[in-house]
Protein chains: 6
Amino acid sequence: MDGKVVTFGEIMVRLTPEGYNRFTQTDRINMTYAGAEANVAVSLANYGMDCVFVSKLPEHEIGQAAVNSLRRFGVDTSHVLRGGDRAGIYFLERGASQRPSSVIYDRKGSAVSQASPDEFDWKSIFEGARWFHFTGITPALSDNTARACLEAAKTARDMGITVSCDLNYRNKLWSRDKARECMSEIMRCTDVCIANEEDAKDVFGIEARDSDIANGKISPEGYADVAMRLREMFGLRYVAITLRESINANINDWSGLLCGDDSCVFSKKYRIHIVDRVGGGDSFAAGLIYGLTHGFSDRDSVEFAVAASCLKHTVEGDFNLVSADEVLRLMGGDVGGRVRR
Amino acid sequence: MDGKVVTFGEIMVRLTPEGYNRFTQTDRINMTYAGAEANVAVSLANYGMDCVFVSKLPEHEIGQAAVNSLRRFGVDTSHVLRGGDRAGIYFLERGASQRPSSVIYDRKGSAVSQASPDEFDWKSIFEGARWFHFTGITPALSDNTARACLEAAKTARDMGITVSCDLNYRNKLWSRDKARECMSEIMRCTDVCIANEEDAKDVFGIEARDSDIANGKISPEGYADVAMRLREMFGLRYVAITLRESINANINDWSGLLCGDDSCVFSKKYRIHIVDRVGGGDSFAAGLIYGLTHGFSDRDSVEFAVAASCLKHTVEGDFNLVSADEVLRLMGGDVGGRVRR
Amino acid sequence: MDGKVVTFGEIMVRLTPEGYNRFTQTDRINMTYAGAEANVAVSLANYGMDCVFVSKLPEHEIGQAAVNSLRRFGVDTSHVLRGGDRAGIYFLERGASQRPSSVIYDRKGSAVSQASPDEFDWKSIFEGARWFHFTGITPALSDNTARACLEAAKTARDMGITVSCDLNYRNKLWSRDKARECMSEIMRCTDVCIANEEDAKDVFGIEARDSDIANGKISPEGYADVAMRLREMFGLRYVAITLRESINANINDWSGLLCGDDSCVFSKKYRIHIVDRVGGGDSFAAGLIYGLTHGFSDRDSVEFAVAASCLKHTVEGDFNLVSADEVLRLMGGDVGGRVRR
Amino acid sequence: MDGKVVTFGEIMVRLTPEGYNRFTQTDRINMTYAGAEANVAVSLANYGMDCVFVSKLPEHEIGQAAVNSLRRFGVDTSHVLRGGDRAGIYFLERGASQRPSSVIYDRKGSAVSQASPDEFDWKSIFEGARWFHFTGITPALSDNTARACLEAAKTARDMGITVSCDLNYRNKLWSRDKARECMSEIMRCTDVCIANEEDAKDVFGIEARDSDIANGKISPEGYADVAMRLREMFGLRYVAITLRESINANINDWSGLLCGDDSCVFSKKYRIHIVDRVGGGDSFAAGLIYGLTHGFSDRDSVEFAVAASCLKHTVEGDFNLVSADEVLRLMGGDVGGRVRR
Amino acid sequence: MDGKVVTFGEIMVRLTPEGYNRFTQTDRINMTYAGAEANVAVSLANYGMDCVFVSKLPEHEIGQAAVNSLRRFGVDTSHVLRGGDRAGIYFLERGASQRPSSVIYDRKGSAVSQASPDEFDWKSIFEGARWFHFTGITPALSDNTARACLEAAKTARDMGITVSCDLNYRNKLWSRDKARECMSEIMRCTDVCIANEEDAKDVFGIEARDSDIANGKISPEGYADVAMRLREMFGLRYVAITLRESINANINDWSGLLCGDDSCVFSKKYRIHIVDRVGGGDSFAAGLIYGLTHGFSDRDSVEFAVAASCLKHTVEGDFNLVSADEVLRLMGGDVGGRVRR
Amino acid sequence: MDGKVVTFGEIMVRLTPEGYNRFTQTDRINMTYAGAEANVAVSLANYGMDCVFVSKLPEHEIGQAAVNSLRRFGVDTSHVLRGGDRAGIYFLERGASQRPSSVIYDRKGSAVSQASPDEFDWKSIFEGARWFHFTGITPALSDNTARACLEAAKTARDMGITVSCDLNYRNKLWSRDKARECMSEIMRCTDVCIANEEDAKDVFGIEARDSDIANGKISPEGYADVAMRLREMFGLRYVAITLRESINANINDWSGLLCGDDSCVFSKKYRIHIVDRVGGGDSFAAGLIYGLTHGFSDRDSVEFAVAASCLKHTVEGDFNLVSADEVLRLMGGDVGGRVRR
């Protein structure tokens, strides 16, 4: 496979109590590193693709540990700038049954959000690249990153590099108005747009028919509609949407759809016993990129993406630590979880 | 909310192997502190109520650690006497699937069970109180605590303080005959009686129609009947009953009912994926007290109580470490366990 | 119960990441000791039977730790030879949901596989024994162990000791052809043959009608047929087959059947929430031996075996750390997993 | 003992890898809560004194966990305001031998540093107080806290409350010039000043004769001189200085001196095998406050303070979890560490 | 070596916080099993000797886990009676530097202390035995065990079995008067008496010249004197005394002496960096028994005993998990701790 | 600094019980990856150098985890071949005080030892390299690796690349005779030879005057002599020797010397409180390579090497996880271990 994939965003410290403990009861914490675009990079590197993560991290040892967490899985970190004051942090409590998982962000003032857009030389970063991916979180971090994103997307488009963007709306980072304005501009440089069952409505006000997310009712057809409208609105090549039906914090149904030139294809639906669902959307995005860059049909691309993210839900941490072979095996129908010896 | 809640009982050392390990295979133990009335106190303190726990603990460091475990969550421990020989202990193995959780008690001779009834000055303890709660375990510990309970209940009643009692029958602590005799006297000073699906039969011989607990079949109406009979028998204001249908050690259905002046109200039923079910009944009692002291309707009170104890099943340890907001959110229908960011 | 049970095989180091972690993400490993025949010995010792495990282990501390792991549960290790180069090792990653558990063996050159058949004095080992058990893994380890197994089985038969063998086919250890040849000879000295839903086909080419294992569809009658054919082929007294229907890596249905003189009896089926499924088959074999040596009816024997192995799935590690009482309680219908106090 | 002690400052999340691990090699983190003035409050509460900690923490669960960490040891947290964006954080790697412990602060923008001075009603906070303590870290956090500190100190002085201040210079928080200016003003409202072997020079330029800290050479007399000059400069009642001679990261010599009206008294020197040295100075301050409020002689006060902080070095975390009895026992000469049964 | 060693006493649950944590700060506990005579049995079994531990333990799973802890290291537990209410428990906090380790006993009412002396059939227990060992803790537990001890010692003497007794005075279990009376009678059936630097004074009022234990000053000659006086007083064959000089909780000097027919021999002295010092005396006793039963000279016996217990201080838990080879290697002068590959 | 460093050898699974536990007592294992040449590569990568590790590892997940462990710290693993049967393993128990650390190797048949010399294309591997390093362990693994080493060394020499070799004699891998023969040939292609205080004698029979390693007495001058003789014998540019004086398993003195053209320079000696001493020699080798490739004087080179390896002794695992700055700071005299904030 020729050409590397570039992703751009923030990688944060992730602090999670062991097991189902709450922060108020334990001092045993699992400290890893995570972030939407970093998660995609690791997924793709685990599939054997050349993958570059672009960001900025402080020079101190926590910044170094974040870099190491990416190198460990083979991500190229030579374009991670070093400097700035702090690494973003997020606290995650794992939910169970009717108790939801809960996330507290403490990412204001992070090195990448304070980085000047000039610090990133996109022309040189994109040398040898075939794909550029980021999510709506990156422009939401600060005006700096919003500008950097736009520049990057434009440069990529100019250089003939495919651009994918996962809407990933975070209401704690920016308002819907600001998001719509910025993301609209970005979408115009984008080839592949990815969203979950809430993003399109949050960012662009496009609502799905016949769905009631809170009650776990989702109409795939309604979402196909949403996808087609998004596609037209911005002249996108592909729109993919993930559909999560949350039975409870332990059990989710998970599927997706991909709308391209002719029509929309719907994936199988998996009933998942969750180990760690954070990063599920990112692993879908990575799976989709893998499929679309490896000559898969639209159907196989979305099936690979959904199978990959199904497996992600069984892996601790944000990173999807599975191989392409494992995804292909699940996609091929090996769903019973029998021991492999 | 004016007026504090007083609870009286034993707090024990709780020793639990990590995960699903058995005592014969691991030396990694989680050591916390727990007891029916202490659990109620912590629940209420977590909801922001002023709560006093009355007990006695040895002067040594284990006694101190038990005190600290209560202070941590805001319980007033100024009425925990210090002295005596030992803290009670219980060993708990977490069950899974068809293997039941298993509890071994080692509580004989504990400081509170050896305390003379004279050591507790109930008049002074109840100053500023509006509610007094204890369970059938406290009088079962020893003749000392039986007398102390009765005195406390009478004093509370005299002072116009609402008295609630959870039957909590433990056949290893006393015989059914002794329990019936003692609890009958106590019930006559009680306003609110709480029971699970087995207590009423064990203590007062009142059996529910159409239920077969061992096979997980429970008739709410049969239990409403039990509640009404209990209510009449002792002139109680309220009788509440929790209904556990145990599919297996991992999955339980959980609901409750509350019978007051006019009629009985039945709560929603939750299918729970269990993290730790010990303390489930205590969290129901605390939820009920919260509802009844905050002007909730009977229906809302039992819904709050059941939602609170549903969440308890997702928390490690006996203590219910959730806020009133979290309970209200679940009670309001947010059952899907979607990540909160 | 008179007469001890002897088992012969390899005990390995078992390395498992904590929780659902993958080897690529954690350095926290649980190191225990396990092996098909050792697992059976421990099960039986936990039921109070005298049980001897025959094997060979290096003289170093890892070998000693393996010996200790057996003594801990009361297995007689006086016939574990000490010497040789290494202990076999296996790496186990626990699966979840659609991600299967995965086993990597590193057992080549283990002490027992290198032991000369002459090192085992079967006549003396079998003194006072009533039962000899091993599995198809032992002869698959090396020509040495294949010869030792055959000798042992013949000696046992000559001494009037019941011989049981679990087919336990491992395609990484030997080819189907080699397995068929060797196991055919062994079967002729065997009284009780145990197999899972795949072994009979793998080793003897006997396939069940109407079953589709990959899709979790299993026909008990089809397997009864397989059992009867096996029984006739080798003149066996009993053939037992375990039937695993793998919904996913967390949830399995589990049952078994036993075919004796007159007919086949089918056990209840359990839906299991899995803690650790490795060693499930071994715990079934041990349960069967317990039943057949304690005067249980065929039906009770297979029910005990299936209940025992149902409980095994809830215990960490290969060893089935449950008592006969616990198995009898489950077999008696106590399936709801309610707390035992 | 009449009258409570009030302390004012920041309490942070403290993140420490287990054992001697570095952040780049482990994900197992110990997460506790710590801060100079919080440490003093906990020490004093552990000695049985009434102690109020004044601060501000976010409303989220991490803020709550910080509050709970103080309540656990009996500190009154009713004056901890809730609000603001974030809790300060510090990362701590434990050093060993020639490798120093290393601290990375990430405390910018913490809730208390953003709190307006008006949010603290010192008159009401100080009701019933006899002592007010803070350290140079609090005014260094922001102009807000600098103003709040000054106001608090003035109010305390006006109300006849003893004011103690530990210089605690942190060069990452403010410059020496800014520190000197601010601390000079504060010192004029202060009764008791505490410093380590570097602070007086860093803040006020007063250097000790005959000492070479980097090489572990310290002249107590030189520091008595420093203390007397500080005392005169600001008309202080007492100046106390801790003297750390760092043999390596595992072994330190530790002593102190106290200069009052007549003269300076020097404590015993302890050779300490370190478990956790962070919070050592704070435990000295707390010991001194304990001595001076309990009618101890100057000599006994400094001996208590040094013994207390000697013990702190053996306790994990910033908090000094020892009782007054334990300190008195060490102060009384029981230095051999023989088992107490 | 012919003839087994029998020991008699209590085995308790031992609860220890991980690392240097205090009970008030952690819930991570290490739960093992320990007791003076059980410790001796495990030591000897680790040296390859046949060793029987006599005691009584409850039938529940904690009792079983205690039995398993002994079997694991090869101790014969066939004479551990099962029944009674509870297992004794002890809480242990590991000290560091000037903070002493601290032990809280909770052993009242343990199964063995409640066992009737008739339950132990000493004649049958001692069949095939050559040595009987116990400590002063066993008779101190209750009048029952005092009588059982005396009976056992007399029976052993009658059967020509060597009797050794470690004085092991515990002031929380009985008064000095009661201890003197009982131990005097026991000493008259004893061949080998073992004591630490405090026991002889505590029990028999025999004080060593020129020693000041609290200040870590010990005169071996003074203790030789004590030993000789003890020897004469009761007509003992051997008296051995361990000499601990406690620099602090991390560093101890450790040596011993053995007085036999002709004279006293003094061992080397080891400066020990302590991992876990509990059980140090028991490992000395076991070492001495090993030497005296293996034809060692008096000098070699005490050197083996002291080297063995030196190594014990480096092993977690009460049990001395070292081989005879390891002890011999240290005794032979290999003190530098270089890596063995 | 131009030009990368290439190292060649085996990377193994390293299994270590937590803390000071022995394998017979715990199941909590730390699993990392280590090997002499991999350790050097990681050290150098941590100093910011481009470093390539050449080896072979199985295709399975354990092999992948070993690769990841190197990538994490920035080592180039593009020349790690994948295939073969197994990864080598070593078991390590951490010693304490007089109990030595103990290593059990289980590395026979590892992938790299079975690799054909033809699989490594040294010309292409060495492109852009300036230094090639390996140790005596690599040729000792098998005839294959011996041949590969020799070929590699010759190719390097031909290409003008500096060759360094650490003698690292392991008597379990080959005889002294075989080692001498093979290492003599290798030495003739070597520029820099590194040895510890035992290697020169073990491999070449060159013994130091006036030293008695077992008793911790070492004469630097005697070793300078050894170095000079080695230097002459093989026409080496440099010979460096590390000098370990083992007080006990916790405390070692550590120094080194370097003999070049004119004379020998001796480093400072450090008294080290050990966290983990395995990999100490490798970290010295890496430090020396760093110094010699960065234009350091001979004296500074050996001081850097010794300071680097001093720090290694404080880091868990074989890898030396320190930066060049940290080494320079220690080398510059900052030995007191004061907290860095």
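Please refer to the structure higher up on the page.
Bear in mind the structure is a predicted one, so any value in this text is a computation, not a measurement. (Residues numbered from 1 in each chain as written. Chains lettered and ligands numbered in written order. Predicted model: local features only at pLDDT ≥ 70, side-chain atom pairs only at ≥ 80, totals over all residues. Heavy atoms only, no water.)

This part covers the pairing of strand 9 (residues 162-166) of chain B. Residue and element names in this part refer to chain B. Of all 5 residues in strand 9, 5 are buried; the element is thus mostly enclosed. Side-chain alternation along strand 9 places Thr-162, Ser-164 and Asp-166 on one buried face and Val-163 and Cys-165 on a second face that is also buried. By the bridge criterion, 3 bridges tie strand 9 to strand 10 (residues 192-195) in an arrangement that is parallel. Looking at the pairing, Ser-164 lines up with Val-192 of strand 10. (Buried < 20%, exposed > 50% of the residue type's maximum accessible area, 1.4 Å probe, protein only. Helix = DSSP H or I, 4+ residues; strand = E, 2+ residues; numbered from the N terminus. Pairing = 2+ DSSP bridges.)

Turning next to the pairing of strand 2 (residues 12-17) of chain A. The side chains of a regular strand alternate between both faces of the sheet. Residues and elements named next belong to chain A. When you tally the buried positions in strand 2, you get 6 out of 6 residues, the bulk of the element. Where strand 2 lies against strand 6 (residues 89-93), 3 bridges are found, and the strand directions are parallel. Counted as the bridge partner of Leu-15 is Phe-91 from strand 6.

All right, on to the relation of the copies chain C and chain A then. Relative to chain A, chain C is turned by 120 degrees and slid 0.0 Å along the rotation axis, the superposed coordinates differing by an RMSD of 0.0 Å. In the structure described here, the two chain copies are related by an operation that fits a three-fold rotation axis. Considering only C-alpha atoms, the residue of chain C closest to the rotation axis is Gly19(C), which sits at 5.0 Å. (Least-squares fit on C-alpha atoms with pLDDT ≥ 70 in both.)

With that settled, the discussion passes to the packing of aromatic side chains. Tallying each qualifying case throughout the model produces 96 aromatic pairs over all chains. Ring centres 5.0 Å apart and planes at 70 degrees place the aromatic pair Phe126(D) and Phe132(D) in the edge-to-face group. Each residue in the set Phe8(A), Phe120(A), Trp122(A), Phe126(A), Phe132(A) and Phe134(A) is aromatic and connected to the rest through ring pairs, giving one cluster. (Phe/Tyr/Trp six-rings, centres within 6.5 Å; stacked < 30°, edge-to-face > 60°.)

Quick look at the state of the cysteines now. Counted by the stated rule, this structure contains 6 disulfides over all chains. Two residues share a disulfide in this structure: Cys259(F) and Cys264(F), whose sulfurs sit 1.9 Å from each other. Since a negative S-S torsion denotes a left-handed disulfide, the Cys259(F)-Cys264(F) link at about 110 degrees is right-handed. As a non-bridged cysteine, Cys182(D) has Cys149(D) as the owner of its nearest cysteine sulfur, 7.3 Å distant. (Disulfide = S-S within 2.5 Å.)

In this complex, chain C contributes 29 residues to the contact, which on the side of chain A involves 26 residues. Here Glu326(A) and Arg22(C) are joined by a salt bridge, their closest N and O atoms 2.7 Å apart. Taken together, chain C and chain A are joined by 16 residue pairs in polar contact (both at pLDDT 80 or more). At the level of elements, strand 7 (102-106) and strand 11 (238-246) of chain C are the ones that each hand at least two residues to the side of chain C that touches chain A. (Contact = heavy atoms within 4.5 Å. Salt bridge = Lys/Arg side-chain N within 4 Å of Asp/Glu carboxyl O. Polar contact = N/O pair within 3.5 Å; in protein donor to acceptor, adjacent residues only side chain to side chain.)

Residue and element names in this part refer to chain F. When the terminal C-alpha atoms of helix 9 (residues 220-234) are compared, their 21 Å separation across 15 residues agrees well with the 21 Å that a helix rising 1.5 Å per residue should span. On its buried face, helix 9 sits against helix 7 (176-187), strand 10 (192-195), helix 8 (199-204), strand 11 (238-246), strand 12 (251-259) and strand 13 (264-266). Just beyond helix 9, the residue with positive phi is Gly-235, at close to 60 degrees. (Expected span 1.5 Å × (residues − 1).)

All names here are of chain A. Remark: helix 1 (residues 36-46) packs on helix 10 (residues 280-293), axes separated minimally by 8 Å, with the N-to-C direction vectors making an angle of 45 degrees. Looking at the two axes, helix 1 sits oblique to helix 10. Once helix 1 is placed against helix 10, the crossing between them reads as right-handed. Along its contact with helix 1, which presents Ala-36, Asn-39, Val-40, Ser-43 and Leu-44, the element helix 10 presents Asp-282, Ser-283, Ala-285, Ala-286, Ile-289 and Tyr-290. (Axes fitted to C-alpha atoms, helices over the stretch in contact; angles between N-to-C directions. Parallel < 35°, antiparallel > 145°, perpendicular 65-115°, else oblique. Left-handed = near helix turned anticlockwise from the far one by under 90°.)

These values are about where atoms sit, not about what they do.
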